Amino acid sequence: MADQAMDWQELTNLTRGRPFVVERVRLADSGVAIEGEFELPQLAQLSVEDQVFVTAFVRCHGSIKQMERIFGVSYPTIKSRLNRIGQVLDFVETDPAPSRSDTIDRLRRSEITARQALAELEGRA
């Protein structure tokens, strides 16, 4: 098994859905291996069925109507499953608040006004 690549579905079947930790990562193109304790990405932590569902949703560009046709279920069933999956995934902040030093630096460079800087520093931006 060490010589063959294992896909996520095989790994999920092997672990039977129990949590596991990745302790070694090898870069395929260079052979460099890194050892430590690595957490799997959130999507890889979903069950195989939920991974398939999320993949289908993305490939359908978020069309619930297409999802109804693909899975042969109703709108409320699709919405319920999306809500359940959404509850187990952490929200990823894509526009984090600027750090205090970033705000002050931007103020010094006159990129923002004093009022804007105060609003950011007080968390109201």
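Analysis parameters
- Residues numbered from 1 in each chain as written.
- Predicted model: local features only at pLDDT ≥ 70, side-chain atom pairs only at ≥ 80, totals over all residues.
- Heavy atoms only, no water.
- Pairing = 2+ DSSP bridges.
- Helix = DSSP H or I, 4+ residues; strand = E, 2+ residues; numbered from the N terminus.
- Buried < 20%, exposed > 50% of the residue type's maximum accessible area, 1.4 Å probe, protein only.
- Polar contact = N/O pair within 3.5 Å; in protein donor to acceptor, adjacent residues only side chain to side chain.
- pLDDT = per-residue confidence, 0-100.
- Expected span 1.5 Å × (residues − 1).
- Salt bridge = Lys/Arg side-chain N within 4 Å of Asp/Glu carboxyl O.

## Looking at the pairing of strand β2 (residues 33-38)
Argument step 1. The sheet contact formed by strand β1 (residues 22-26) and β2 spans 4 bridges and is antiparallel. Considered in β2, the bridge of Val 25 is made with Ile 34.
Argument step 2. Counting the residues in the hairpin turn of β1 and β2 gives 6 residues, including Gly 31, whose phi is positive at 80°.

## Examining the side chain of Gln 51
Argument step 1. Within the secondary structure, Gln 51 sits in helix α3 (residues 48-59).
Argument step 2. You can call Gln 51 buried: its relative accessible area is 19%.
Argument step 3. Looking at Gln 51, its side chain comes within polar contact range of the main-chain oxygen of Ala 44, at 3.3 Å.

## Focus on the confidence of the model for the chain
Argument step 1. On average, residues of the chain score 85 in pLDDT, and 90% of them reach the 70 mark or higher.
Argument step 2. When mean pLDDT is compared element by element in the chain, helix α4 (residues 64-71) scores highest at 96, while helix α1 (residues 8-15) scores lowest at 74.

## Observations regarding α3
Argument step 1. Helix length check: α3 (12 residues) gives 16 Å between terminal C-alpha atoms against 16 Å at 1.5 Å per residue, within 8%.
Argument step 2. Taken as a whole, α3 has its buried residues at Val 48, Asp 50, Gln 51, Phe 53, Val 54 and Ala 56.
Argument step 3. Looking one or two places after α3, you find His 61, whose phi comes out positive at around 55°.

## Here we look at the pattern of salt bridges
Argument step 1. For the structure shown, the criterion picks out 6 salt bridges.
Argument step 2. A salt bridge links Arg 108 to Asp 105, with the nearest nitrogen and oxygen atoms 3.7 Å apart. With Arg 108 and Asp 105 both in helix α6 (residues 100-108), this residue pair falls 3 residues apart, about one helical turn.
Argument step 3. Assessed through its relative accessible area of 66%, Arg 108 is described here as exposed.
Argument step 4. With a closest N to O distance of 2.8 Å, Arg 109 and Glu 111 form a salt bridge.
Argument step 5. One network of salt bridges, in which partners are shared, links Asp 50, Arg 81 and Arg 84.

## Some points on unusual backbone geometry
Argument step 1. Backbone geometry at His 61 places phi at a positive 55°, although glycine is not the residue there.
Argument step 2. Tracing the backbone shows His 61 in the loop between α3 and α4.
Argument step 3. Despite not being glycine, Ser 110 has its phi angle at roughly 60°, a positive value.
Argument step 4. Examined against the element boundaries, Ser 110 turns out to sit in the loop between α6 and α7 (114-121).
Argument step 5. Judged by relative accessible area, Ser 110 falls into the exposed class, the value being 62%.

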